[in-house]
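One letter stands for each residue in the lines below.
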Amino acid sequence: MFRMRPVVAGIPDPTSASFLGMPLWLWVIVGGVALFGAFQAYYWIGHVLGSRLYTSRLGVRIGQENITRVENVVRKWGALAVYACFWVPGLRHTLPWVAGVLRISYPWYVVASALGCLTWVPVTSFGLYSVIWGWLGLAARSPLLAGLAALLAIAVVVGFVRWRRHRAARREAEKHPPQMSTFQ
């Protein structure tokens, strides 16, 4: 009467995923090792350059106020901040330099950055892989829906960027209120 299909039949083999002919699990390992190496380089560059890093082009671009906020986070949370920075896009690329400048304990830095790589890289790799292949599957079934989904995603990103810029401009305006004219 009723025939039940095994649930496993609908789930693809996780080891079959690949990108550019290389298995996805190998990409994840290579990406994790590369990110770990980059984090060590960031730390040592910050350690060697010290506070000179803050007056460099990178430091000027980040801004002293933002660097001070990152310093406070590192001082308060130490290695835990290094682990947490993996999950915050802007912080991921600034905190390791600051950790080097502040010379936080390197053994704890290594542990925190290794744990960050071990958790963040697989989650983002498989998450992005799932989103891309999900969209491609949708495009194969319905190009119109896939196009609408892409337009919606672009609109959300543009809206978010505009909202952030508007919020930053409003904060800047609050810091520096317009001067009243003395001309009469």
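Above this text is the structure in question.
Residues numbered from 1 in each chain as written. Predicted model: local features only at pLDDT ≥ 70, side-chain atom pairs only at ≥ 80, totals over all residues. Heavy atoms only, no water.

J.: Which residues make up the packing of aromatic side chains, and what values do they have?
T.: Tallied over the entire structure, the rule returns 10 aromatic pairs. Here the aromatic rings of Phe86 and Trp120 are separated by 6.5 Å at their centres, their planes lie at 45°, and the arrangement is tilted. Taken as a pair, Phe86 in the loop between α5 (79-84) and α6 (89-92) and Trp120 in helix α8 (residues 106-141) lie far apart in primary sequence, 34 residues in all. With a centroid separation of 6.2 Å and 20° between ring planes, the pair formed by Tyr106 and Tyr109 is classed as stacked. (Phe/Tyr/Trp six-rings, centres within 6.5 Å; stacked < 30°, edge-to-face > 60°. Helix = DSSP H or I, 4+ residues; strand = E, 2+ residues; numbered from the N terminus.)

J.: Describe the pattern of salt bridges, and please don't skip the residues or the numbers.
T.: Counted under the stated rule, the structure contains one salt bridge. Here Glu71 makes a salt bridge to Arg75, at a shortest N to O gap of 3.6 Å. Of the two residues, Glu71 and Arg75 both sit in helix α4 (residues 64-77), four residues apart, roughly one turn of that helix. A relative accessible area of 11% means that Glu71 is categorised as buried. (Salt bridge = Lys/Arg side-chain N within 4 Å of Asp/Glu carboxyl O. Buried < 20%, exposed > 50% of the residue type's maximum accessible area, 1.4 Å probe, protein only.)

J.: Kindly report on the side chain of Gln40, identifying the contributing residues and their values.
T.: As for its position among the elements, Gln40 is in helix α1 (residues 24-49). Once you skip the residues sitting within four places of it in the chain, Gln40 turns out to touch Tyr106, Tyr109, Val110 and Ser113. (Contact = heavy atoms within 4.5 Å.)

J.: Go over the packing of α1 against α8, please, and point to the residues and values.
T.: Where α1 contacts α8, the two axes come as close as 9 Å, and the packing angle between them is 145°. At the point where α1 passes α8, the crossing takes the right-handed sense. The segment α1 lies against α8, with Leu24, Val28, Gly31, Gly32, Leu35, Phe36, Phe39, Gln40, Tyr43 and Trp44 engaging Tyr106, Tyr109, Val110, Ser113, Ala114, Cys117, Trp120, Val121, Pro122, Ser125, Phe126 and Tyr129. For the contact of α1 with α8, the per-class residue count stands at 17 nonpolar, five polar and no charged. (Axes fitted to C-alpha atoms, helices over the stretch in contact; angles between N-to-C directions. Left-handed = near helix turned anticlockwise from the far one by under 90°. Nonpolar A, V, L, I, M, F, W, Y, C, P; charged D, E, K, R; others polar.)

J.: For the nonpolar core, give the residues involved together with the corresponding values.
T.: Core analysis: the largest hydrophobic core is formed by 27 residues, its most contacted members being Leu35, Phe39, Phe86, Leu95, Ile104 and Tyr109. Listed by contribution, the elements that provide at least two residues to this core are α1, α2 (52-55), α4, α5, α7 (95-102) and α8. With residues near it in sequence (within four places) discarded, Leu95 still touches Val70, Val73, Val74, Ala81, Val82 and Cys85. (Core = buried A, V, L, I, M, F, W, Y, C linked by side-chain atoms within 4.5 Å.)

J.: If you had to explain the packing of α1 against α7 to someone new, which residues and values would you point to?
T.: Any two packed helices are characterised by how steeply their axes cross, that is the angle between the axes, and by the distance between the axes. As a packed pair, α1 and α7 sit with axes 6 Å apart at the nearest point and diverge in direction by 40°. In this view, α1 runs oblique relative to α7, as classed from their interaxial angle. At the point where α1 passes α7, the crossing takes the right-handed sense. Along the contact surface, α1 presents Phe39, Tyr42, Tyr43, Ile45, Gly46 and His47, while α7 presents Pro96, Trp97, Ala99, Gly100 and Val101. In the contact of α1 with α7, the residues fall into eight nonpolar, three polar and no charged. (Parallel < 35°, antiparallel > 145°, perpendicular 65-115°, else oblique.)

J.: Quick rundown of a nonpolar patch on the surface? Include the residues and the values.
T.: A surface patch of nonpolar side chains, about 610 Å² in accessible area, is lined by Leu144, Leu145, Leu148, Leu151, Ile154 and Val158. Looking at the secondary structure, you find Leu148 in helix α9 (residues 143-175). The exposure class assigned to Leu148 is partly exposed, which follows from its relative accessible area of 48%. (Patch = residues over 30% accessible without salt bridge, like charges linked within 9 Å, V, L, I, M, F, W, Y side chains within 5 Å. Areas by Shrake-Rupley, 256 points an atom, 1.4 Å probe, with all protein chains shown as cover.)

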